[in-house]
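As a plain string of letters, each chain reads:
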Amino acid sequence: MNIVRPLIIVATLSIAFLLSSCLKDYDQYTYKVADWEPLLAAPLVSASLGMDDILKNVGSNIVADSTTGLVHLIYESEQMAANASSYLDIPDQELQTSMNFLMPPGVPPGDSIVIAYGDPVTVNFPNGESVDSMHVDALFNINLVSNLKHSGKIKVNLPFVKRNGQSISFEIAHIYTGTLPVLINQVIDLTGSVIYLSQGSKGLRNTIQPDYKLIVYGDNNQDTATYTVDMHDRIEQIRFRDVFGRLGTYTENFTDIFDIGLFNQVELGEVDLEEVRLEIEVDNSFGLPIEVKPNEIWASSTVNPPFKVVIDDLPSSIQIQAPPVSAAGSFARSNISMSSHDVIEAFKIAPQLVYYSFTATLNPPGTTGDNFILDTSEIRFRFKVDVPLAGKVGGLVMQDTVELDVDSLEEAQSLTLRLVFENTFPIEVDFQAYMFGPAEQITDSLFNGMTNLLPPGIIGTGADKRVIAPGKRSVDITLEGSKLDAFLAADKIILRGRLKTAGQDLVRVYEDYEIKVRMGAAAALRIQIND
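Cut-offs used in this document
- Residues numbered from 1 in each chain as written.
- Predicted model: local features only at pLDDT ≥ 70, side-chain atom pairs only at ≥ 80, totals over all residues.
- Heavy atoms only, no water.
- Helix = DSSP H or I, 4+ residues; strand = E, 2+ residues; numbered from the N terminus.
- Buried < 20%, exposed > 50% of the residue type's maximum accessible area, 1.4 Å probe, protein only.
- Contact = heavy atoms within 4.5 Å.
- Areas by Shrake-Rupley, 256 points an atom, 1.4 Å probe, with all protein chains shown as cover.
- pLDDT = per-residue confidence, 0-100.
- Phe/Tyr/Trp six-rings, centres within 6.5 Å; stacked < 30°, edge-to-face > 60°.
- Lys NZ or Arg CZ within 6 Å of the ring centre and 35° of its normal.
- Arc of directions from axis to C-beta.
- Pairing = 2+ DSSP bridges.
- Axes fitted to C-alpha atoms, helices over the stretch in contact; angles between N-to-C directions.

Trainee: Could you give an account of the overall build of the chain, with specific residues and numbers?
Mentor: For the chain, the count of helices and strands is four helices and 40 strands. When each of the 531 residues of the chain is scored for burial, the buried share is 49%. Sequence separation of at least 24 residues holds for 84% of the intrachain contacts in the chain that already meet a minimum separation of 6. Surface exposure of the chain reaches about 25100 Å², of which carbon and sulfur atoms provide 48%.

Trainee: Mind laying out the confidence of the model for the chain, listing which residues take part and the relevant values?
Mentor: Here the chain averages 83 in pLDDT, and 82% of its residues register 70 or above. Note on residues 1–45: pLDDT is under 50 here. Beyond four places in sequence and across chains, it has 115 contacts.

Trainee: Outline the environment of Gly218, listing residues and values.
Mentor: Residue position: Gly218 is located in the loop between β17 (211–217) and β18 (227–230). Sequence spacing of Gly218 and Pro105 is 113 residues, and the spatial spacing of their C-alpha atoms is 9.6 Å. Not counting residues within four places of it along the chain, the set of residues in contact with Gly218 comprises Val107, Pro108, Pro109, Gly110, Asp111 and Ser112.

Trainee: Account for the packing of aromatic side chains, with residues named and values stated.
Mentor: Inspection of every chain in the model, using the stated rule, returns 19 aromatic pairs. Among the aromatic residues, ring-to-ring pairing joins Phe254, Phe258, Tyr356, Phe358, Phe381 and Phe383 into one connected group. In this structure, Lys308 is placed above the aromatic ring of Trp298, and the distance from its NZ or CZ to the ring centre is 4.6 Å. The ring of Tyr510 has Arg466 sitting right over it, with the charged end atom 4.0 Å from the ring centre.

Trainee: Could you give an account of helix α3 (residues 341–348), naming the residues involved and the relevant values?
Mentor: Those residues of α3 that fall on the buried side of the exposure criterion are Asp342, Val343, Ala346 and Phe347. Down the axis of α3, the buried set is contained in an arc of 130°. They therefore lie on one face. At the C-terminal side of α3, Ala350 shows a positive phi close to 50°.

Trainee: Give me helix α4 (residues 481–489): which residues, what numbers.
Mentor: Along α4, the positions that sit buried rather than exposed are Lys483, Leu484, Ala486 and Phe487. Each buried residue of α4 lies within a common arc of 160° when the element is viewed along its axis, so the set occupies one face. Seen from the open side of α4, the exposed residues pointing more than 90 degrees away from its buried face are Ser482 and Asp485.

Trainee: Can you lay out the pairing of strand β12 (residues 152–163) for me, pointing to particular residues and giving the numbers?
Mentor: Both β12 and strand β13 (residues 166–174) contribute to a ladder of nine bridges, which runs antiparallel. Note that in β13 the partner of Lys162 across the bridge is Ser167. Connecting β12 to the antiparallel partner β13 that follows it, the hairpin turn spans two residues, and Asn164 within it adopts a positive phi of roughly 55°. In terms of strand pairing, β12 meets β17 through six bridges, oriented antiparallel. Considered in β17, the bridge of Ile154 is made with Leu214. Sheet topology note: the β12/strand β15 (residues 193–196) ladder contains two bridges and is antiparallel. Within β15, the position partnered with Val161 by the bridge is Ile195.

Trainee: Residue-level account of the side chain of Glu279, with values.
Mentor: Along the polypeptide, Glu279 turns up in strand β22 (residues 277–284). With residues up to four places along the chain from it excluded, the contact list for Glu279 reads Asn335, Ile336, Ser337, Arg382, Phe383, Lys384 and Asp386.

Trainee: Give a description of the sheet that holds strand β29 (residues 379–388) that names residues and reports values.
Mentor: Spatially, five strands are ordered β5-β6-β29-β22-β26 in an open sheet, and the strand pairing comes out antiparallel. Unpaired on one side and paired on the other, β5 (61–64) and β26 (332–338) mark the two borders of the sheet. The average angle at which neighbouring strand axes cross in this sheet is 25°, direction not considered. Alignment of β22 against β29, held across eight bridges, turns out to be antiparallel. Along β29, the bridge assignment pairs Glu281 with Arg382.

Trainee: Quick one: what's the story with the environment of Leu180, residue by residue and with numbers?
Mentor: Residue placement: Leu180 occurs in the loop between β13 and β14 (182–189). By relative accessible area, Leu180 is classed as partly exposed at 40%. Separated by 31 residues in the primary sequence, Leu180 and Lys149 have C-alpha atoms spaced 7.7 Å apart. Sequence-distant contacts of Leu180, defined by excluding residues within four places in its chain, comprise Ser146, Asn147, Leu148 and Lys149.

Next up, the structure:
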């Protein structure tokens, strides 16, 4: 006779939480049902969550102090000013060279006369720049109009333009065919040339002077009037590669609003940080000094009053370095770190947004001496918020989603979970875990409401306030009925913790802190046995 009877077997199993953090496999151990522990489960997986796991959603760079290991959150807004062509747009320069003369009588065929002409010309710049020299790509354009009834040629020398150390020189043929006016167009490419604008013994700036020689051939044509030769000469399509001299004043505005991701996770309370620093980092490849002035800086919170704090006790102006001529083409970096009463007050409200507006004045009034611009010159402006994790933090929420494999527990009638925690953070953790089903939605939670499970690590007596021993806790949870069904149907669990500073003392967070989580299960299984 076969007898079928139900048998309840209590089995100890392990549940592997596959976290995005560091995982370690352990050897299989023997264990007793009456006194089980996740460390004795087979197979055992241990997971640790470090700074990268906890702070990966706060939208910052995580930097550890190279000396102390203290963790800093760096929030950064970066802007780049337009390149130098936006600051110095050199217009076409009209030389307008013209000459009037009378032909000497009786110049026989085969003979010639030479007439020299060319006057100093002032080169105009848009902001009153006093330029010594500039390396350019440009065109020298002549559209000659002449009523000269003789043939000849014009020797053109531009002593103020040099390429490969040589002045630009060329000739224009003046051919009279019996028709007036004589029209001649000649374009010379000045690509890669240097134009020198300091002329004469007095060292006048912004001055150039062409050198023209008109050679007129004698013939039998009758001269009846004054002759005029209009060169209509100009330098056009000027694009500089570099400009040296006393340059003008330019302004650039830097404005942005950006998130502070750390405080976007704060649901309750406020923070009280030991220190917050605002930093301005400027990379400048202009050969110009820069003065930066704050226009407006504020921080705002949608949660904590007074909801907006204006920071207006920072320095009224900041001086930015420029590279020397010997380092033209390189960047000079200036880094200014600032803190103040207003900064600390602004971050007590755990602001989600920070707004800034600065005006940068290049070559500000009162600057003396020469400077320079390259066509590649630019300004890179970075505004940083440096938050050392030292102080009191209220209501900071962190969350992670982990994979859950419970296929081996499908026959469980009841399930007891044991969670074992080790917390080296000096911060208490209110903990909750949510079952997340295949339908991509939360189906239930392990605990009824947030539960204070994790005590803080024990802080030593040193000035660095380091944790010397982890806070430990183990918790057993029995799942039955609908909660058990939801757990067995889940393929993920969402771990959610709300951090809060223990007591009233300030704490510090270091890069080697972590939370270790282990979980095991003791299940009552119903198995049918045939006798």
